[in-house]
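Here is what each chain is made of, one letter per residue.
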Amino acid sequence: MIYKNAFGRRAFDWANYVFLGGSALLCLLPLIHVLAVSFSASSAATAGFVKLWPVDFTLASYKYALNKPQFIDSFLVSLERVALGAIINMTLTVLIAYPLSKERRQFRWRSVYAWFFVVTILFSGGLIPVFMVVKQLGLLDSIWALVLPGAVPVFNVILLLNFMRSQPKELYEAAFVDGAGHWSVLWRIAVPLAKPALATLLLFICVGHWNSWFDGLIYMNKPEHFPLQTYLQSVVINRDPSLMTTTEELKTLSQISDQTTKAAQIFLAALPILLLYPFLQKHFIQGITLGSVKE
C-alpha cells in the first residue's frame, strides 16, 4: 500500500511538472517569436519567414531607436517619472489606506471618506476637464503633469486597506497600550507587516508609469519632454517625420518594417520591468500566498 501511494504521488508530481512546463513553454514561445522578429530583416519579417529564430540577423530596429539623443532624453524622463510616481503613489496610498482600515468606532467618518474615493473609480470628469485643470495649474510640459493627475491610485488603496484590516488587531492594541501614537503604529507596525502587499503594489505602479504613453502625448508639446513610451509611439508607430533629421535615419528606416520595430519596442519597453521584477519576486509571491496556510 505504501509503495502504491508513493507511485501515485510520483506520477502526480510528474504530471504537474509536464503540465506546468508546457504552460510555461506556451507563455515563452510568443516572446521568443517577438524577439526573433526584432532581430530579423524587414523583408523576412514582412514575408512571415521568422518563427523562433532570427532570419538575416540585424540590429537595425534597435539602432533606429537607440542611436538618437531623443531616446536618451525620453528614457531619463521615464526614469524620473517612475521614481517620482512611485514615491507619491506609495506615500499617499499608505496614508489613505491606514485610517480607512480602522473600524467605525475608531474612525467615525470612515465610510464617507471611503465612498468619496470609490466614486472616482465609477465616475470621471473626462479627458477635456482633466486637461484643462492640468493646463490651468501650469503643469503642461513638466514631469508633474505625468504624476500628479494619478497621484492617488484608488484601486491600490482598496487593496492595501483590505490587507491592513486582515492584520492582527492585538498588535495595534498592544502598541497603543505602550503609549505609541498612530504615526508610530503606522510606520513601525502596519507598514512592516504590509511589506508583501506594498512590494506588489510597487510593482504594479512602476509597470503602470513605465508603460503609460497617452498622457505624455497630450500633456507634452516638445519631443524632448516625451516619456519613453510616447517617444517610441511617435517614432516607431507613427514615424513622425519631424523626428527624422538625417539621411542616415531615413536609410535605417528603409531597412526596418512595422513588425520589426514593434517587436523592438516591446523589448525596449519591457526590459527595465524585467530587471526590476527579480528584486520584488520574493515579496510578490509572499503577497499572493499570504493567508493561504495557517499554522
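Above this note sits the structure.
Because the structure is a prediction, the values reported are computed rather than measured.

**Considering the overall build of the chain**
1) Next: In terms of regular secondary structure, the chain is built from 15 helices and zero strands.
2) Next: The proportion of buried residues among the 295 residues of the chain is 36%.
3) Next: For the chain, restricting intrachain contacts to residue pairs at least 6 apart in sequence, the fraction spanning at least 24 positions comes to 70%.
4) Next: Total accessible area on the chain is roughly 18200 Å²; 68% of this is exposed by carbon and sulfur atoms.

**Details of a nonpolar patch on the surface**
1) Next: Where nonpolar side chains cluster on the molecular surface, the patch consists of Trp115, Val119, Ile121, Leu122, Phe123, Phe155 and Leu159 and spans about 780 Å² of accessible area.
2) Next: Listing elements by their share of the nonpolar patch, those giving two or more residues are helix H5 (110-122) and helix H8 (154-165).
3) Next: Position of Leu159 relative to the elements: it lies in helix H8.

**What about the pattern of salt bridges?**
1) Next: By the definition in use, this model includes two salt bridges.
2) Next: Between Asp13 and Arg9 there is a salt bridge; the shortest N-O distance is 3.7 Å. Of this pair, Asp13 and Arg9 both sit in helix H1 (residues 2-38), four residues apart, which is roughly one turn of that helix.
3) Next: Under the relative-accessibility criterion, Arg9 is labelled exposed at 52%.

**What about the environment of Phe214?**
1) Next: Locating Phe214 in the fold gives a position in helix H12 (residues 214-219).
2) Next: Each C-alpha atom of the pair Phe214 and Pro227 lies 9.8 Å from the other, and the pair is 13 residues apart in sequence.

**Some details on the layout of surface pockets**
1) Next: The volume enclosed by the largest pocket comes to roughly 630 Å³.
2) Next: Looking at the lining of the largest pocket, the elements with two or more residues in it are helix H4 (69-100), H5, helix H6 (127-136), helix H7 (144-147), H8, helix H11 (195-211) and H12.
3) Next: Residue contributions to the lining of the largest pocket peak at four residues, all from H11.
4) Next: Of the residues that constitute the lining of the largest pocket, the class distribution is 14 nonpolar, 10 polar and two charged.

**Notes on the nonpolar core**
Here is a general trend for soluble globular proteins: nonpolar side chains tend to be buried in one another's company.
1) Next: One finds Tyr98, Leu160 and Leu198 to be the most contacted residues of the largest nonpolar core, which totals 44 residues.
2) Next: When contributions to this core are tallied by element, the ones reaching two or more residues are H4, H8, helix H9 (169-177), helix H10 (182-193), H11, helix H13 (228-237) and helix H15 (258-289).
3) Next: Here this core takes 10 residues from H4, the largest share from any one element.

**A few points about the packing of aromatic side chains**
1) Next: A full pass over the atoms with the stated rule returns eight aromatic pairs.
2) Next: For the pair Trp14 and Tyr17, a centre-to-centre distance of 5.8 Å together with 85° between the ring planes defines the contact as edge-to-face. In this pair, Trp14 and Tyr17 both sit in helix H1, three residues apart, roughly one turn of the helix.
3) Next: Since its relative accessible area comes to 54%, Trp14 is described here as exposed.
4) Next: Here Phe75 and Trp210 contribute two aromatic rings whose centre-to-centre distance is 5.7 Å and whose plane-to-plane angle is 85°, an arrangement assigned as edge-to-face.

**A short note on the environment of Phe131**
1) Next: Within the secondary structure, Phe131 is located in helix H6.
2) Next: On a C-alpha basis, the gap between Phe131 and Asp215 in space is 9.5 Å, while along the polypeptide they are 84 residues apart.
3) Next: Excluding its chain neighbours within four sequence positions, the residues that come into contact with Phe131 are Leu140, Ile218 and Tyr219.

**Here's the deal with the packing of H5 against H8**
1) Next: Close contact between H5 and H8 brings their axes to 9 Å; oriented N to C, the two are set at 145°. Only Val154, Phe155, Ile158 and Arg165 of H8 make contact with H5, whose side of the interface consists of Arg110, Phe117, Val118, Thr120 and Ile121.
2) Next: Its residues assigned to classes, the contact of H5 with H8 comprises six nonpolar, one polar and two charged.

**Quick look at unusual backbone geometry**
1) Next: Within the chain, Asp56 stands out as a residue other than glycine whose phi angle is a positive 55°.
2) Next: Checked against the element boundaries, Asp56 lands in the loop between helix H2 (42-47) and helix H3 (60-66).
3) Next: You will see that Asp141, though not glycine, has its phi angle at about 60°, which is positive.
4) Next: If you trace the backbone, Asp141 turns up in the loop between H6 and H7.

**Comments concerning the packing of H4 against H5**
1) Next: Running from amino to carboxyl end, H4 crosses H5 at an angle of 140°, the nearest separation of the two axes being 10 Å. Considering the angle they form, H4 stands oblique to H5. Residue-level inspection shows Ile96, Pro99 and Leu100 of H4 in contact with H5, the latter providing Arg110, Tyr113, Ala114 and Phe117.
2) Next: A per-class count over the contact of H4 with H5 returns six nonpolar, no polar and one charged.

**A few points about the side chain of Ser74**
1) Next: Position of Ser74 relative to the elements: it lies in helix H4.
2) Next: In contact with Ser74, other than residues within four places in its own chain, are Phe226, Pro227, Leu228 and Tyr231.

Rules of the game
- Residues numbered from 1 in each chain as written.
- Predicted model: local features only at pLDDT ≥ 70, side-chain atom pairs only at ≥ 80, totals over all residues.
- Heavy atoms only, no water.
- Helix = DSSP H or I, 4+ residues; strand = E, 2+ residues; numbered from the N terminus.
- Buried < 20%, exposed > 50% of the residue type's maximum accessible area, 1.4 Å probe, protein only.
- Contact = heavy atoms within 4.5 Å.
- Areas by Shrake-Rupley, 256 points an atom, 1.4 Å probe, with all protein chains shown as cover.
- Patch = residues over 30% accessible without salt bridge, like charges linked within 9 Å, V, L, I, M, F, W, Y side chains within 5 Å.
- Salt bridge = Lys/Arg side-chain N within 4 Å of Asp/Glu carboxyl O.
- 1 Å grid on protein atoms, 1.4 Å probe; cavity = no way out; pocket = protein on both sides within 12 Å on 5 of 7 lines; lining within 4 Å.
- Points joined across faces, edges and corners; volume = space filled by probe spheres on them.
- Nonpolar A, V, L, I, M, F, W, Y, C, P; charged D, E, K, R; others polar.
- Core = buried A, V, L, I, M, F, W, Y, C linked by side-chain atoms within 4.5 Å.
- Phe/Tyr/Trp six-rings, centres within 6.5 Å; stacked < 30°, edge-to-face > 60°.
- Axes fitted to C-alpha atoms, helices over the stretch in contact; angles between N-to-C directions.
- Parallel < 35°, antiparallel > 145°, perpendicular 65-115°, else oblique.

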